[in-house]
Amino acid sequence: MIESPEQRGESPIPEHGSGGGARRRGGGVSRLLIWYGELTTQRRLSLRGVAFILVPMAWLVGFLILPSAALVAVGFAERGAYGEIRWSFTLENFRRLLGFGLFDWSADYLWILGRSVWVALVTTVFAVVVSYPLAFFIASRPPRRRYLWLALVVIPFCTNMVIRTYAWMLLFSQHMPFARLAHLLGLIRAETSLYPSVWAVYVGMVSSFLPFATLPLYTSVERLDWSIVEAAEDLYASKRRIFFQAILPQTFPGLTVAVILTFIPAMGVFVVPDMLGGAKTMLVGNLIQQQFGASRDWPFGAAVSLALMVLTLAGLFWLRRRGEGAEWV
Amino acid sequence: MGMRRGKPLWLTVPAYAALVFLYLPMLAVGVFSVNAGRHGFGWKGFTLEWYGRLLQNSQVLEATRNTLILAVVSTVVATVLGTVLAIGMSRFPWPRRWRGFLDFAVYLPVVTPDIIFAAALVVAFGLLRAVSAAFNPGLLTMVIAHVTFQIAFVALVVHSRLVTIGRTLEEAARDLYADTPYLLRRVMLPLLMPGIVAGAMLAFTLSLDDFVISFFTAGPDSTTLPIFIYASVRRGVTPELHALSTLIFLATVLLVLGLERLMWLSTRQEAKG
């Protein structure tokens, strides 16, 4: 029996094709079929497909999926006296993260977790606020100019984060105009630089992640249906109402993607708070780095990583539920 | 239909302010890289001395070499694997469950904060070290780490190209009795080329851009430029550092402009065809 694949493009998987006669269950593995012009069998097709993905998938399983599983497992292990992993099943690392120490309860680690979520949220809000007018501006340029502007937004982002963050350190150092201005305004003492501080961290993070917010917003703005805005104007809607009811809802898909794309890396950031922040702005990323670096406590580091993953996924889930119908780039 | 109004001030001002915000720090670094004063922040005249000194700094040269080896090797491996994976994923009838697993494996590095991925690799390499000394921190572990996150991005770019070119030409080739090797070499590869090159350039940029994953997996002898700069900032800043940062920034600009041009050309080619 010879069949041709139904529903090209949309779902080339014959087993799930819903067109007439395409639904076949079980058995029939060696049945002849025409697969995009080729006379073949299911089995030959599957073998060839496996041959294609075998090496890359083996790589991903070996160096991505198994390591992730190992990280989870280590999160439940114990640290030996010399920093080695002692395999066991204990919830001690998570208890410690929740603040139950050897002697009494302290909220230090919980503060770090909470602060990371807060800093990531603030960064996201700032990035979106800066990106929103920028996206409208870029979309209002002639097409050739748009590419130039998009490139201008992306270029600093492709420069290594260490270099970008160092550049802010230089700009915020004590002899530069910003620190002097802050001193004149009475914000800081003389001969001090603007870092380490929370504000320096915010500035560094927003500038690092800005394109994550700008690009998806731009995609949404570019596709904006202006006839809706015109209709609202014809009906004498106020400017405020036009924005909130005719423009903003149209950009929700891009907005959701922008928030997600900014929030994820902002949660795990380590370079920016490390260089521009001090002990008061320690974030999850710094805590993880500390455990895998100086402290050499892999089990605790793994537990913190898992907590970060859970927080990130929870944030994503929450955002996705709020932004139902968002378009994924 | 695009935006109607010309250039309202309330859009122009924030846009240029954002541009200043993005470029001012690098501009400052660039200015200090040609400032003759070694200490302090006063302008002491123009010099290219610091650039010249970079060439004599063996640590910098070593780090540059490591960075380039890492970026080139990992990009080549990741481009091959990512392309093959993208073709395998989109051109064969995978059952739904398999498809879900494939998607999961490919998207995982895209949605995980890089520090978690770095931590997972530290643990994995730590365990593998018991098996083979090859997994001691060094260039090899860094290449493995970079390839792993690059594969996903190459696969995504090539996949979108596969969707763009559609299957009609492939089908036509099959109708004319092309076998699989011929089809791959003479039909798919030429059509996919813009996507593959764009994916490779993206992978290369990502490798140069990465700090966290390199920092976690690097050994004492495999210092890359970002790691070198990070360590130098801790030790105390020198004008050479400004020169080095400026050079890296300029290299990035060239890379991104090249990539952008390529993307633009490939979409234009699409519009014509």
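See the structure above.
Bear in mind the structure is a predicted one, so any value in this text is a computation, not a measurement. (Residues numbered from 1 in each chain as written. Chains lettered and ligands numbered in written order. Predicted model: local features only at pLDDT ≥ 70, side-chain atom pairs only at ≥ 80, totals over all residues. Heavy atoms only, no water.)

The next thing to look at is the overall build of chain A. Helix and strand counts for chain A come out as 12 helices and 4 strands. When each of the 329 residues of chain A is scored for burial, the buried share is 52%. Partitioning the contacts of chain A with sequence separation of at least 6, the portion at a separation of at least 24 is 60%. (Helix = DSSP H or I, 4+ residues; strand = E, 2+ residues; numbered from the N terminus. Buried < 20%, exposed > 50% of the residue type's maximum accessible area, 1.4 Å probe, protein only. Contact = heavy atoms within 4.5 Å.)

Counted under the stated rule, the structure contains 10 salt bridges over all chains. A:Asp297 is the partner of A:Arg96 in a salt bridge, and the nearest nitrogen-oxygen pair spans 3.0 Å. One end of the pair, A:Arg96, is in helix α2 (residues 92-97); the other, A:Asp297, is in the loop between α11 (284-292) and α12 (298-322), with 201 residues separating them in the sequence. A salt bridge links B:Arg65 to B:Glu62; the shortest N-O distance between them is 3.7 Å. Of this pair, B:Arg65 and B:Glu62 both sit in helix α3 (residues 58-90), 3 residues apart, which is roughly one turn of that helix. Given the relative accessible area of 36%, B:Glu62 is considered partly exposed. Connected through shared salt-bridge partners, B:Glu49, B:Arg53 and B:Glu240 make up one network. (Salt bridge = Lys/Arg side-chain N within 4 Å of Asp/Glu carboxyl O.)

What follows deals with the packing of helix α8 (residues 226-234) of chain A against helix α9 (residues 239-267) of chain A. All names here are of chain A. Close contact between α8 and α9 brings their axes to 10 Å; oriented N to C, the two are set at 170°. Taken as axis vectors, α8 and α9 run roughly antiparallel relative to one another. Judged by residue contacts, Trp-226, Ile-228, Val-229, Ala-232 and Glu-233 of α8 engage Ile-242, Ala-246, Ile-247 and Gln-250 from α9. Of the residues belonging to the contact of α8 with α9, the class tally is 7 nonpolar, 1 polar and 1 charged. (Axes fitted to C-alpha atoms, helices over the stretch in contact; angles between N-to-C directions. Parallel < 35°, antiparallel > 145°, perpendicular 65-115°, else oblique. Nonpolar A, V, L, I, M, F, W, Y, C, P; charged D, E, K, R; others polar.)

If you look at the biggest cluster of nonpolar residues, it comprises 176 residues, and the most contacted ones within it are A:Phe292, B:Leu85 and B:Ile229. For this core, the leading source of residues is helix α3 (residues 108-139) of chain A, giving 14 residues. A domain-level breakdown of this core finds at least three residues from each of domain 1 (49-90) and domain 2 (96-324) of chain A. Aside from chain neighbours lying at most four places away, what touches A:Phe292 is A:Leu71, A:Trp298, A:Gly301, A:Ala302, A:Ser305, B:Ala119, B:Val122, B:Val123 and B:Phe216. (Core = buried A, V, L, I, M, F, W, Y, C linked by side-chain atoms within 4.5 Å. Domains from an automatic or database assignment.)

Another aspect to go through is empty space enclosed by the protein. Under the defined criterion, the tally for this structure stands at 5 cavities of 30 Å³ or more. Size it by volume and the largest cavity reaches roughly 130 Å³. Every residue lining the largest cavity is counted, 16 residues in all, and those nearest its centre are A:Arg48, B:Arg91, B:Glu170, B:Arg174 and B:Leu183. Elements represented by at least two residues in the lining of the largest cavity include exactly α1 (42-75) of chain A together with α7 (168-175) and α8 (180-209) of chain B. Space inside the second largest cavity adds up to approximately 60 Å³. In terms of lining residues, the second largest cavity is bounded by A:Pro156, A:Arg164, A:Ala167, A:Trp168, A:Ser207, B:Leu22, B:Pro25 and B:Met26. Listed by contribution, the elements that provide at least two residues to the lining of the second largest cavity are α5 (161-171) of chain A together with α1 (9-33) of chain B. Looking at the lining of the second largest cavity, its residues break down into 6 nonpolar, 1 polar and 1 charged. (1 Å grid on protein atoms, 1.4 Å probe; cavity = no way out; pocket = protein on both sides within 12 Å on 5 of 7 lines; lining within 4 Å. Points joined across faces, edges and corners; volume = space filled by probe spheres on them.)

Attention shifts here to the packing of aromatic side chains. A full pass over the atoms with the stated rule returns 32 aromatic pairs over all chains. Measuring from ring centre to ring centre gives 5.4 Å for A:Phe52 and B:Phe92, while their planes differ by 40°; the resulting arrangement is tilted. Of this pair, A:Phe52 sits in helix α1 while B:Phe92 sits in the loop between α3 and α4 (96-111), each in a different chain. Ring centres 5.2 Å apart and planes at 80° place the aromatic pair A:Phe243 and A:Phe244 in the edge-to-face group. Its relative accessible area of 29% is what places A:Phe243 among the partly exposed residues. Just above the ring of A:Phe300 sits the side chain of A:Arg96; from NZ or CZ to the centre is 3.9 Å. For the cation-ring pair, A:Arg141 lies above A:Phe137, with the distance from its terminal atom to the ring centre recorded as 4.2 Å. (Phe/Tyr/Trp six-rings, centres within 6.5 Å; stacked < 30°, edge-to-face > 60°. Lys NZ or Arg CZ within 6 Å of the ring centre and 35° of its normal.)

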